[in-house]
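# Structural description and commentary
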Amino acid sequence: MASVAWAVLKVLLLLPTQTWSPVGAGNPPDCDAPLASALPRSSFSSSSELSSSHGPGFSRLNRRDGAGGWTPLVSNKYQWLQIDLGERMEVTAVATQGGYGSSDWVTSYLLMFSDGGRNWKQYRREESIWGFPGNTNADSVVHYRLQPPFEARFLRFLPLAWNPRGRIGMRIEVYGCAYKSEVVYFDGQSALLYRLDKKPLKPIRDVISLKFKAMQSNGILLHREGQHGNHITLELIKGKLVFFLNSGNAKLPSTIAPVTLTLGSLLDDQHWHSVLIELLDTQVNFTVDKHTHHFQAKGDSSYLDLNFEISFGGIPTPGRSRAFRRKSFHGCLENLYYNGVDVTELAKKHKPQILMMGNVSFSCPQPQTVPVTFLSSRSYLALPGNSGEDKVSVTFQFRTWNRAGHLLFGELRRGSGSFVLFLKDGKLKLSLFQPGQSPRNVTAGAGLNDGQWHSVSFSAKWSHMNVVVDDDTAVQPLVAVLIDSGDTYYFGGCLDNSSGSGCKSPLGGFQGCLRLITIGDKAVDPILVQQGALGSFRDLQIDSCGITDRCLPSYCEHGGECSQSWDTFSCDCLGTGYTGETCHSSLYEQSCEAHKHRGNPSGLYYIDADGSGPLGPFLVYCNMTDAAWTVVQHGGPDAVTLRGAPSGHPRSAVSFAYAAGAGQLRSAVNLAERCEQRLALRCGTARRPDSRDGTPLSWWVGRTNETHTSWGGSLPDAQKCTCGLEGNCIDSQYYCNCDAGRNEW
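Residues numbered from 1 in each chain as written. Predicted model: local features only at pLDDT ≥ 70, side-chain atom pairs only at ≥ 80, totals over all residues. Heavy atoms only, no water.

The name an unreviewed UniProt entry assigns to the chain is Contactin associated protein family member 3, from the organism Homo sapiens. As recorded by UniProt, the Sequence similarities (unreviewed entry) comment attached to the chain reads in full: "Belongs to the neurexin family." (UniProt positions renumbered as here; feature names shortened; annotations may be inferred.)

Sheet topology note: the strand β18 (residues 283-288)/strand β19 (residues 291-296) ladder contains six bridges and is antiparallel. Bridge pairing in β19 places N285 opposite H294. Taking the residues that link successive antiparallel strands as the turn, the β18-β19 hairpin has two residues, and the phi of D289 there is positive, at about 55°. (Pairing = 2+ DSSP bridges. Helix = DSSP H or I, 4+ residues; strand = E, 2+ residues; numbered from the N terminus.)

Attention shifts here to the state of the cysteines. The final tally for this structure, using the stated rule, is nine disulfides. C573 shares a disulfide with C583; S-S distance 2.1 Å. Taking the sign of the S-S torsion, about -95° here, the bridge from C573 to C583 comes out left-handed. Of this pair, C573 sits in the loop between β43 (569-572) and β44 (578-579) while C583 sits in the loop between β44 and β45 (585-586); the two residues are 10 residues apart in sequence, bridging distant segments of the chain. C583 carries the same exposure label as C573, and that label is buried. Each sulfur in the disulfide pair C723 and C729 lies 2.1 Å from the other. Taking the torsion about the S-S bond as the criterion, the C723 to C729 disulfide, at about 85°, is right-handed. C729 sits in the buried class, given a relative accessible area of 14%. (Disulfide = S-S within 2.5 Å. Buried < 20%, exposed > 50% of the residue type's maximum accessible area, 1.4 Å probe, protein only.)

Attention now moves to the sheet that holds strand β25 (residues 354-357). Reading across the sheet, the seven strands line up as β16-β15-β14-β13-β20-β11-β25 and stay open at both edges, with antiparallel pairing between neighbours. For this open sheet the edge positions go to β16 (259-263) and β25, each flanked by a neighbour on one side alone. Ignoring strand direction, the axes of neighbouring strands in this sheet form an average angle of 10°. Of the pairings in the sheet, the one linking strand β13 (residues 219-225) to strand β20 (residues 309-312) comprises two bridges and is antiparallel in character. Across the sheet, the residue bridging to H223 is S311, located in β20. (Axes fitted to C-alpha atoms, helices over the stretch in contact; angles between N-to-C directions.)

For the rest of this paragraph, the subject is the pairing of strand β29 (residues 392-399). Counting buried positions over the eight residues of β29 gives seven, a clear majority of the element. Sheet topology places β29 next to strand β34 (residues 454-461); seven bridges connect them, and they run antiparallel. In the strand pairing of β34, Q397 is matched with S455. In terms of strand pairing, β29 meets strand β38 (residues 512-519) through five bridges, oriented antiparallel. The partner of V394 across the bridge, within β38, is I519.

Attention shifts here to the nonpolar core. F396 and F491 are the most contacted members of the largest nonpolar core, which has 39 residues in total. Per-element tally for this core: the top contributor is β29, with four residues. Once you skip the residues sitting within four places of it in the chain, F396 turns out to touch L407, L421, H454, S455, V456, F491, L514, R515, L516 and I517. The next biggest cluster of nonpolar side chains, apart from the first, holds 38 residues, and it includes Y194, F243, L267 and V343. (Core = buried A, V, L, I, M, F, W, Y, C linked by side-chain atoms within 4.5 Å. Contact = heavy atoms within 4.5 Å.)

Considering all chains together, one arrives at 21 aromatic pairs under this definition. Between W120 and F154, the ring centres sit 6.5 Å apart and the planes meet at 80°, which makes this aromatic pair edge-to-face. Within this pair, whereas W120 is found in the loop between β5 (106-114) and β6 (121-122), its partner F154 is found in strand β8 (residues 142-162), the two being separated by 34 residues in sequence. Per residue, the accessibility class of W120 equals that of F154, and both read buried. With a centroid separation of 5.5 Å and 75° between ring planes, the pair formed by F419 and Y489 is classed as edge-to-face. Taken together, the residues F419 in strand β31 (residues 418-424) and Y489 in strand β37 (residues 488-491) connect sequence positions 70 residues apart. Members of the aromatic cluster, connected to one another through ring pairs, are Y109, F113, Y123, F132, Y144, F150 and F157. Looking at R156, its charged tip hangs above the ring of W80, at a distance of 3.6 Å from the centre. Across from the ring centre of W453, 3.9 Å away, lies the NZ or CZ of R515, which sits over that ring. (Phe/Tyr/Trp six-rings, centres within 6.5 Å; stacked < 30°, edge-to-face > 60°. Lys NZ or Arg CZ within 6 Å of the ring centre and 35° of its normal.)

Here the focus is the side chain of T233. For T233, the position within the fold is in strand β14 (residues 231-237). According to the relative accessible area criterion, T233 is buried, its value standing at 1%. Here H223 takes part through its side chain, which lies 2.8 Å from a polar atom of the side chain of T233. In this structure, T233 is in contact with I220, L222, H223, V242, F243, F244 and R326, ignoring residues within four places of it in sequence. (Polar contact = N/O pair within 3.5 Å; in protein donor to acceptor, adjacent residues only side chain to side chain.)

With that settled, consider the environment of E593. Mapped onto the fold, E593 is located in helix α3 (residues 592-597). Judged by relative accessible area, E593 falls into the buried class, the value being 12%.

Attention now goes to a nonpolar patch on the surface. A contiguous nonpolar patch, built from L587, Y588, L604, Y606, L619 and Y621 and spanning about 580 Å² of accessible area, is present on the exposed surface. When residues of the nonpolar patch are traced back to their parent elements, those giving at least two are β46 (603-607) and β47 (618-624). You can see L587 is positioned in the loop between β45 and α3. (Patch = residues over 30% accessible without salt bridge, like charges linked within 9 Å, V, L, I, M, F, W, Y side chains within 5 Å. Areas by Shrake-Rupley, 256 points an atom, 1.4 Å probe, with all protein chains shown as cover. Salt bridge = Lys/Arg side-chain N within 4 Å of Asp/Glu carboxyl O.)

The strand order across the open sheet built from seven strands is β33-β32-β31-β30-β37-β28-β40, with neighbouring strands paired in antiparallel fashion. Looking at strand neighbours, the two that pair on one side only are β33 (440-444) and β40 (536-538), the edges of this open sheet. Adjacent strand axes in the sheet meet at a mean angle of 15°, parallel and antiparallel pairs treated alike. Pairing analysis gives four bridges linking strand β28 (residues 380-384) to β37, with the strands arranged antiparallel. Paired with L381 across the strands is F491, a residue of β37.

This part covers unusual backbone geometry. A cis amide bond links Q147 with the next residue in sequence, P148, at an omega value of 0°. You can see P148 is positioned in strand β8. The linkage connecting L552 with the following residue, P553, adopts the cis geometry, with an omega of -5°. Among the secondary structure elements, P553 is positioned in the loop between β41 (540-542) and β42 (561-564). The backbone phi angle of L266 is positive, close to 55°, even though this residue is not glycine. Within the secondary structure, L266 is located in the loop between β16 and β17 (273-280). L266 gets classed as buried once you look at its relative accessible area, which sits at 9%. Even without glycine at this site, L516 takes up a positive phi of about 55°.

A separate point is the pattern of salt bridges. Under the definition given, this model contains 20 salt bridges. A salt bridge links D269 to K121; the shortest N-O distance between them is 3.7 Å. Here D269, found in the loop between β16 and β17, pairs with K121, found in strand β6; they are 148 residues apart in sequence, far enough to count as distant. The exposure class of K121 is partly exposed, given its relative accessible area of 25%. Taking the shortest distance from any N to any O, the salt bridge between R224 and D206 comes out at 3.3 Å.

Dropping the structure here:
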């Protein structure tokens, strides 16, 4: 006869204890060759030079010809020294000196790099926004190992500080080696389809590695799918890289949920970023630049069985050679490998495994856009307006993290008024001030401080003014009046002595990046501004967008939400159970003992057993007796029915899950002076054992997968119930009442 038993998991009770060099790891020796010393003088250029003998051609390390180094005409923070390496090289280290035998040396500097001599990117030392340490005298050499190295053709040294008793003076060297590059370019309407070898055995692991340079913020980098809608997709979405892993099969267990992994930020900066994807059985490793996400998919790996082809740059529509199901990638891929196979080389050789769709080419065009960075709230860019015209017309793009700041200010001619365009609460607002009239205001857009590029078009003429932000248009009718454009427009801020209406405001100047500025029908070339041939400026970084994501990685702990401005970040700790600048300090006591010391009565409380550690708080019952007992309940009913099975059949089992996780339980146990876990078993018409060797017919398994045969107060490993230990079992032949086989509970 099958037996029936109740397993009763009582509680887990815890009794508290009584008390409570710049030189790094380096690159291979064959990648430390000096790269600048053998270059001709024409490979060196600069913002200016003090004299012909102080030119950039005399800036090579340890050289004494000319004046013994480069010195600009004026020593200020807008000077730079540039090297053209001739082709993209891997750069592993740099070195600096001052001007030979002089009092001219640089004490700190920024290092910038670029592929085409435009759109420069700052090399950041271990996520630091500050510069490199420079020299303390004219002739000592200061080396700096670059960890990680980078690849570039052009390098710029931007002095930040120099000997106060001298001028800027530099001699430099760059170290590295040749860099192999296979590039494929997608125009946003093209793709590569790679057909894999149909081998009888699928590889033990799939490895995809590549670098990408994005011209737009959205697009498919790669896609591979199976017969039942299962697929993997790598997609750039608003400058972040998202890896999708989807089973696509409704018949598969519900535990196999779609996986979405997101890494990176601001990846649409038209610079190279590296990607590595490793699929090993159900283990997924996803790396973007220096950040890696490890993920273990649930279920077996059969749902990863995919077709023997993979597309790069887009997802082709079956049967249509130029149609794509999602927005395709616009940009370049470099050194594209699938399981060690150079896919780009196969495409260049027109191998039969590769199908090219659309306009695919094998060179990467260099961006011609010149961004401008407004570094501080005092930054401004003054440009000539379309003076004398009967309208105001300005377009540009911007990106920022700041919720507020002036973007544009201008005065109209003949004292007819002024206008100001500014951010407030993440929205773009335009105010037009005219004598004798109340200000006219227009608002457009929302959430514009998200770090993305946003397009702005502003115009005012005769009887109306309008602002267009991305796809949001706002129009304000005006009293018919002559709009007479002024002589100068101020972007980002105003001159210190400016007194125009709306120019002085507590909002402060704009901090962020601008590009593609047009005034009237004329495009503005910021390089002319940099050369002093157009307008004027203060505290700008021209030909570079210096925006950084201070929330990547996030320093907010315990699930706190990170938000940022141009200069800093903050953490929203609401609902996390923690407080402090980074949500580090727990709001909850660490134990029931602490609650008892505060005079709290017995009851339900949240405790945080590891304090400010990674484990979250959990709910317990604090039983305040002579000691403070921490009672952790399990999540199911107190009593569960188990029906025994005939001999030879699988045994019946039930699982109990506590209201706290395994790590939380371990932390609580480690704090306790004593720990008890109690299970009781009641039985009726239980089956006798086949032999009297004491082999148990029931057991329970603990947190470390160990087996226990003791029940309801017995000792561990005694193989006796409490009645067996006390000698009062209902049948003296057995050590447990349930072994007696009585037809009663």
